[in-house]
Amino acid sequence: MHHVLLYSTFFIAICALFFGLYAGGRVAKVEKATKDLDWDSIANITGDLATLKKTIQTLNNRINGMHSPKLQEQELLAQLLTNQQKAKPNGKIIGG
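Calculation rules
Residues numbered from 1 in each chain as written. Predicted model: local features only at pLDDT ≥ 70, side-chain atom pairs only at ≥ 80, totals over all residues. Heavy atoms only, no water. Helix = DSSP H or I, 4+ residues; strand = E, 2+ residues; numbered from the N terminus. Buried < 20%, exposed > 50% of the residue type's maximum accessible area, 1.4 Å probe, protein only. Patch = residues over 30% accessible without salt bridge, like charges linked within 9 Å, V, L, I, M, F, W, Y side chains within 5 Å. Areas by Shrake-Rupley, 256 points an atom, 1.4 Å probe, with all protein chains shown as cover. Salt bridge = Lys/Arg side-chain N within 4 Å of Asp/Glu carboxyl O. Expected span 1.5 Å × (residues − 1). pLDDT = per-residue confidence, 0-100.

Another aspect to go through is the overall build of the protein chain. Regarding its fold elements, the protein chain presents 3 helices and 0 strands. Counting from the amino terminus, the protein chain carries its helices and strands in the arrangement α-α-α. Looking at the protein chain residue by residue over its 96 residues, the buried ones come to 0%.

A cluster of nonpolar side chains, contributed by L37, W39, I42, I45, L49, L52 and I56, occupies part of the molecular surface with about 720 Å² of accessible area. Along the chain, I45 falls in helix α2 (residues 39–64).

With 26 residues, α2 extends 37 Å from end C-alpha to end C-alpha; this agrees with the ideal 38 Å at 1.5 Å per step. Phi turns positive one or two residues past the end of α2, at G65, with a value near 85°.

For the rest of this paragraph, the subject is the confidence of the model for the protein chain. Averaged over all residues, the pLDDT of the protein chain is 84; the fraction at 70 or higher stands at 82%. Confidence scores differ between elements of the protein chain, with helix α3 (residues 70–86) showing the lowest mean pLDDT of 74 and helix α1 (residues 2–33) the highest of 95.

Have a look at this one:
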């Protein structure tokens, strides 16, 4: 039983070492990629992301029907109103 515990802790320590080296490599890669990045570039990227976000929100609203054109609704209401005015009763009782 003691050997299992000894070998399992050794295996976990080796895995932790490899995970640490992997994380360090990723951090070095990010630092290398952002080495020449200045504050003006960050501001431009932030503005571009805000514009892209607004465009995506508008598109999603159109897809969901929240930003549908109001012209069609107004035309339908006008047609309904004219149909109701044409179908006025003439004062005669029909039926019953």
